[in-house]
Amino acid sequence: MTILVTGATGSVGRHVVGRLVEAGESVRAVTRTPATAGLPEPVEVFEGDLEKPESLRAAFDGVDRLYLFPVPETAREVVALAKEAGVRRIVVLSSSSVLDTSGDNHSGEHHRAVERAVEESGIEWTFVRADEFATNVLWKWAHSIRTEGVVRAPYGNAPRVLIHEADVAAVAVTALLQDGHAGQAYVVTGPEAVTQAEQVEQIARAIGRPVAFQEITPDQAREYMGQAMPAPVVEMVLGYLADAVANPPVPVDTVEKVTGRPALTFARWAADHAADFAPQSSETAA
């Protein structure tokens with residue numbers, strides 16, 4: 001059995017590849033830049049791009065199962081190639097945002113398009129609907145923690161149930177390798193609700209130095225975040241935080257039910273990523 005992993009060099013994809021290799025599976029990975037992929041030796045690495053479906057044709061040859069990274073613009077073409085190649089099972093990296101059916105949720109529409117393409121293909125499928133990734137903390141806060149030892153954010157008392165990317169991968173790999181998960185749409189969260197201020201405290205403990213939390217207004221956050229992401233995504237993030245204050249999110253135990261072990265805590269995630277918050281020479285020089 002050969003398993004193809006798309007998005008193999010991403011934060012979840014690397015864990016998927018690693019777990020499949022540990023399980024002794026034949027793993028094939030797609031990346032735009034094989035020379036710098038840095039994947040384990042047994043993995044067969046193919047150059048390809050999900051935005052250019054025809055570039056994946058060779059990688060699909062002889063593949064039985066597929067881990068699909070979500071690219072809605074070409075999802076139907078990619079799934080058609082998978083079906084043509086004889087793929088019998090697809091596990092999709094999706095998002096809990098698909099549960100918002102208002103039509104105004106940018107992330108939800110993005111992932112729903114991929115789910116729909118897979119569901120309509122007739123191939124056996126499982127959707128892994130990740131809630132908010134703990135890795136989002138890196139693009140939001142890592143630079144200011146490294147350079148100033150401070151986090152500036154709105155809604156400091158907004159709790160989130162952040163998921164460790166390794167747990168998302170663990171659920172996906174279980175669905176790839178084991179029967180009994182066909183037709184399931186698994187929402188996965190972290191094991192506990194942790195406020196933004198508490199997240200900063202746990203990061204500080206993990207890195208062994210103080211990090212201050214400074215509350216800013218939503219408008220200030222809108223201006224700051226707008227420098228790095230599209231306006232609809234900014235509004236989505238701010239909306240999640242505002243809603244979390246009034247309606248705290250509740251963790252679900254999907255990770256434990258599917259994998260047999262509890263989900264990893266945010267404190268564990270912070271410890272695993274402590275090096276990402278360490279000062280970098282280029283930033284220090286600047």
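Bear in mind the structure is a predicted one, so any value in this text is a computation, not a measurement.

1. Structural notes on the overall build of the protein
Thought 1: In terms of regular secondary structure, the protein is built from 12 helices and 11 strands.
Thought 2: For 286 residues, the compact-globule estimate of 2.2 N^0.38 gives 19 Å, and the C-alpha radius of gyration of the protein, at 19 Å, lies within 12% of that figure.
Thought 3: Once the C-alpha set of the protein is aligned to its principal axes, its extents read approximately 55 × 45 × 35 Å.
Thought 4: Contacts in the protein between residues at least 24 apart in sequence constitute 72% of all its contacts with a sequence separation of at least 6.
Thought 5: A total accessible area of about 13,100 Å² is found for the protein, and carbon and sulfur atoms account for 50% of it.
Thought 6: Averaged over its 24 positive side-chain charges, the protein has a centre that lies 2 Å from the centre of its 39 negative ones.

2. Focus on helix α4 (residues 106–119)
Thought 1: Taking 1.5 Å of rise per residue, 14 residues should cover 20 Å, and α4 covers 20 Å from first to last C-alpha, within 8% of that figure.
Thought 2: Those residues of α4 that sit buried are S107, G108, H111, R112, V114, E115, A117 and V118.
Thought 3: Buried residues along α4 sit in contact with β4 (65–68), α3 (75–85), β5 (89–95), β6 (124–130) and α9 (231–246).

3. Considerations on the packing of α3 against α4
Thought 1: Where α3 meets α4, the closest approach of the two axes is 9 Å, and the angle between their N-to-C directions is 30°. The orientation of α3 relative to α4 falls into the category roughly parallel. Between α3 and α4 the crossing geometry is right-handed. Here A75, R76 and V79 of α3 come into contact with α4, specifically with V114, R116, A117 and V118.
Thought 2: Of the residues that constitute the contact of α3 with α4, the class distribution is 5 nonpolar, no polar and 2 charged.

4. Considerations on the pairing of strand β2 (residues 26–31)
Thought 1: Most of β2 is tucked away, with 5 of its 6 residues classed as buried.
Thought 2: Of the strand pairs in this sheet, strand β1 (residues 2–5) and β2 are connected by 4 bridges, and their pairing is parallel. Bridging from a neighbouring strand, I3 pairs with V27 of β2.
Thought 3: In this view, the connection linking β1 to its parallel neighbour β2 by way of helix α1 (residues 11–22) has right-handed handedness.
Thought 4: Note that β2 and strand β3 (residues 44–47) share 4 bridges and pair parallel.

Each value, and the rule that gives it
Residues numbered from 1 in each chain as written. Predicted model: local features only at pLDDT ≥ 70, side-chain atom pairs only at ≥ 80, totals over all residues. Heavy atoms only, no water. Helix = DSSP H or I, 4+ residues; strand = E, 2+ residues; numbered from the N terminus. Rg over C-alpha atoms; globule rule 2.2 N^0.38 Å. Contact = heavy atoms within 4.5 Å. Areas by Shrake-Rupley, 256 points an atom, 1.4 Å probe, with all protein chains shown as cover. Lys, Arg positive; Asp, Glu negative; His and termini not counted. Charge placed at Lys NZ, Arg CZ, Asp CG, Glu CD. Expected span 1.5 Å × (residues − 1). Buried < 20%, exposed > 50% of the residue type's maximum accessible area, 1.4 Å probe, protein only. Axes fitted to C-alpha atoms, helices over the stretch in contact; angles between N-to-C directions. Parallel < 35°, antiparallel > 145°, perpendicular 65-115°, else oblique. Left-handed = near helix turned anticlockwise from the far one by under 90°. Nonpolar A, V, L, I, M, F, W, Y, C, P; charged D, E, K, R; others polar. Pairing = 2+ DSSP bridges. Right-handed = clockwise from strand over helix to strand, strands pointing away.

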